[in-house]
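Observations on the model geometry
Residue-level listing of the chains:
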Amino acid sequence: MEMWKYRVVGSVAALLLLLAIVVPFTQTQTQSARDKAAMAEDAGPLVGGISDSPMGQENDLDVIALARFAVSEHNNKANALLEFENVVKVKKQTVAGTMHYITIRVTEGGAKKLYEAKVWEKPWENFKKLEEFKLVEDVPSA
């Protein structure tokens, strides 16, 4: 009968030891999950997502150069005569490089129009490519 008591005490001791190891580990995992969720909320835009560029980015010389590049490439491909006026809006997406979504005001045969250009850029490779150039709307004359 004495042996039975030692087995019960040994089993209880083993269970308590196991609990002493597992409980702090699960609490750490739960806290870690909460920390990650909180960080995700504060992280800002999702990596790879399209985000608006800060105010004033329309006047950035690099953005203007990309917009002029887009108009020039479109003119060459479509045998068009669009004239660059200014950049209206800029959005960016991080890909293998940066995808720029640039809304551009142009003049076409005396009429003002808005186009959206999608330009892929990898500056470290000196690479840029016009992916898309589409009419957004005709701008009414003031």
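Residues numbered from 1 in each chain as written. Predicted model: local features only at pLDDT ≥ 70, side-chain atom pairs only at ≥ 80, totals over all residues. Heavy atoms only, no water.

1. With respect to the nonpolar core
One broad rule of soluble globular proteins: the nonpolar side chains tend to lie buried together. Counting residues in hydrophobic clusters, the biggest one holds 19 residues, and the most contacted among them are Ile104 and Phe133. Taken together, the elements giving at least two residues each to this core come down to α2 (61-78), β2 (83-95), β3 (97-108), β4 (111-122) and β5 (127-138). Of the residues forming this core, the biggest block, six residues, is contributed by α2. Each residue touching Phe133, except ones within four places of it in the same chain, is listed here: Ala70, Val71, His74, Leu82, Ile104, Tyr115, Glu116 and Ala117. (Core = buried A, V, L, I, M, F, W, Y, C linked by side-chain atoms within 4.5 Å. Buried < 20%, exposed > 50% of the residue type's maximum accessible area, 1.4 Å probe, protein only. Helix = DSSP H or I, 4+ residues; strand = E, 2+ residues; numbered from the N terminus. Contact = heavy atoms within 4.5 Å.)

2. Observations concerning α2
What sets the pattern is the α-helix's 3.6 residues per turn: residues three or four places apart point alike. Over its 18 residues, α2 extends 25 Å from the first C-alpha to the last, a length consistent with the 26 Å expected when each residue adds 1.5 Å. Buried within α2 are the following residues: Val63, Leu66, Ala67, Phe69, Ala70, Val71, His74 and Asn75. (Expected span 1.5 Å × (residues − 1).)

3. Considerations on the pattern of salt bridges
Taken as a whole and judged by the stated rule, the model has five salt bridges. For the salt bridge of Glu131 with Lys129, the shortest nitrogen-to-oxygen distance reads 3.7 Å. Given a relative accessible area of 35%, Glu131 falls into the partly exposed group. On the accessibility criterion, Lys129 (40% relative accessible area) is partly exposed. (Salt bridge = Lys/Arg side-chain N within 4 Å of Asp/Glu carboxyl O.)

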